[in-house]
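A structural walkthrough
As a plain string of letters, each chain reads:
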Amino acid sequence: MTLTRRRFLETAAALALSAAAAGALSRTPFGLVSEAAAQAPSAEDLAMAGPLGDKVEGKDDAPVTIIEYASMTCGHCAQFAATTFPKLKEKYIDTGKVRFILREFPLDPIAAAGFMIARCAGDDKYFAVIDALFARQRDWAYATDPVAGLQTMAKQFGFTQETFEACLTNQEMLDGINAVRARGAEKFGVNSTPTFFINGKIQRGAIGFEDLEKILQPLLKA
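Residues numbered from 1 in each chain as written. Predicted model: local features only at pLDDT ≥ 70, side-chain atom pairs only at ≥ 80, totals over all residues. Heavy atoms only, no water.

Attention shifts here to the sheet that holds strand E6 (residues 195–198). Strands sit in the order E3-E5-E4-E6-E7 across an open sheet of 5 strands; the sheet is mixed. The sheet is open, and its two borders are formed by strand E3 (55–57) and strand E7 (201–204), each paired with just one other strand. Recorded for the sheet is a direction-independent mean angle of 20 degrees between the axes of neighbouring strands. In terms of strand pairing, strand E4 (residues 64–70) meets E6 through 4 bridges, oriented antiparallel. Bridging across to E6, Glu68 finds its partner in Phe196. (Pairing = 2+ DSSP bridges. Helix = DSSP H or I, 4+ residues; strand = E, 2+ residues; numbered from the N terminus. Axes fitted to C-alpha atoms, helices over the stretch in contact; angles between N-to-C directions.)

In structure tokens form, the structure reads like this:
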């Protein structure tokens, strides 16, 4: 077993332990959710970023804020990224109408590793890496050797063997991603991906562009 795989398994164990220690939570098919999470979260609570900071596209003063909790191994998240997000970005984010925040909610260690690589790539490459990983999700996340598949993808963004290993064994980064996941489950009732908060209102599951527009239009006219 190479250093990369051995340390990656340690990362996987740390992720599992973090989820198990999330607190007095009730089990759901997708993870752990607190009983208090049934209440609608406040705008202040939702706006609070995790330890690593939020990844944001769009203007800070946009009238609508969309927060997506996603997992890099989630097929519906990849579908949203491929079919809905490009139209959302062109029509609403780039025109200053929507502020979009992507928050990490890894459903498994492979998903956590994908987010770590995106973070390690740098702020200016984060969304480019996310888009590439979603676009080629089958090539790495569901490969026989997902670590090798992820490393092949990472090389496209300038990672070397050393920087790849250093990223996947960065405990502070893993802890920060775990913290976002745990808070999403405990405080906001996130129990599947993708889960969206559109101006604070929860929207669970994949959503097409036409349906998303039906939600956005009244908010933009308000």
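So that's the structure; there's more coming.
Let us now look at the state of the cysteines. Going through the model one piece at a time under the given rule, you end up with 1 disulfide. Note that Cys120 is cross-linked by a disulfide to Cys167, the S-S spacing being 2.2 Å. Classification of the bridge connecting Cys120 and Cys167 rests on its S-S torsion, roughly 95 degrees, and on that basis the disulfide is right-handed. With Cys120 in helix H4 (residues 109–120) and Cys167 in helix H8 (residues 161–168), this residue pair connects regions lying 47 residues apart in the sequence. Cys120 gets classed as partly exposed once you look at its relative accessible area, which sits at 31%. (Disulfide = S-S within 2.5 Å. Buried < 20%, exposed > 50% of the residue type's maximum accessible area, 1.4 Å probe, protein only.)

Core analysis: the biggest nonpolar cluster contains 52 residues, and Ile66, Leu88, Phe100, Ile117 and Leu216 have the highest contact counts within it. Setting aside its immediate chain neighbours within four residues, Phe100 contacts Lys55, Val56, Glu57, Ile66, Glu68, Phe80, Phe85, Leu88, Ile93 and Phe127. If you look at the next biggest cluster of nonpolar residues, it comprises 10 residues, including Phe105, Val180, Phe188 and Val190. (Core = buried A, V, L, I, M, F, W, Y, C linked by side-chain atoms within 4.5 Å. Contact = heavy atoms within 4.5 Å.)

Moving on to the side chain of Arg99. As for its placement among the helices and strands, Arg99 is situated in strand E5 (residues 98–104). Within the local environment of Arg99, its side chain forms a polar contact with the side chain of Asp60, the two groups lying 3.4 Å apart. Setting aside residues no more than four positions away along its own chain, Arg99 makes contact with Val56, Glu57, Gly58, Lys59, Asp60, Ala62, Val64, Thr65 and Ile66. (Polar contact = N/O pair within 3.5 Å; in protein donor to acceptor, adjacent residues only side chain to side chain.)

Attention now moves to H4. Relative to the 16 Å expected for 12 residues at 1.5 Å per residue, H4 spans 16 Å between its end C-alpha atoms, a close match to the ideal helical length. Every buried residue of H4 is accounted for by Ile110, Ala111, Ala112, Ala113, Gly114, Phe115, Met116, Ile117, Ala118 and Arg119. Where H4 starts, the residue carrying a side-chain oxygen 3.1 Å from the main-chain nitrogen of Ile110 turns out to be Asp108. (Expected span 1.5 Å × (residues − 1).)

This part covers the environment of Cys74. Inspection of the secondary structure puts Cys74 in the loop between E4 and helix H3 (75–93). With residues near it in sequence (within four places) discarded, Cys74 still touches Phe134, Gln137, Thr193 and Pro194.

Next up on the list: unusual backbone geometry. In the segment running from Thr193 into Pro194, the intervening peptide bond is cis, with an omega of -5 degrees. One non-glycine residue with positive phi stands out, namely Asn199, at about 50 degrees. Along the polypeptide, Asn199 turns up in the loop between E6 and E7.

For any two aromatic rings, the description comes down to two numbers: the centre-to-centre distance and the angle of the planes. What the rule picks out here adds up to 9 aromatic pairs. Note on Tyr126 and Phe127: the rings are 5.3 Å apart at their centroids and 90 degrees apart in plane angle, and the pair reads as edge-to-face. With respect to class, Tyr126 is no different from Phe127; both count as buried. Following the ring pairs from residue to residue traces out a cluster consisting of Tyr69, Phe105, Phe188 and Phe197. The side chain of Arg138 reaches across the aromatic face of Tyr142, ending 4.5 Å from its centre. A cation over an aromatic ring shows up here: Arg181 above the ring of Phe105, its NZ or CZ 5.1 Å from the ring centre. (Phe/Tyr/Trp six-rings, centres within 6.5 Å; stacked < 30°, edge-to-face > 60°. Lys NZ or Arg CZ within 6 Å of the ring centre and 35° of its normal.)

What follows covers the pairing of E4. When you tally the buried positions in E4, you get 6 out of 7 residues, the bulk of the element. Examined bridge by bridge, E4 and E5 share 7 bridges and lie parallel to one another. Along E5, the bridge assignment pairs Ile66 with Phe100. Each parallel crossover has a hand, and the one from E4 via H3 to E5 is right-handed. (Right-handed = clockwise from strand over helix to strand, strands pointing away.)

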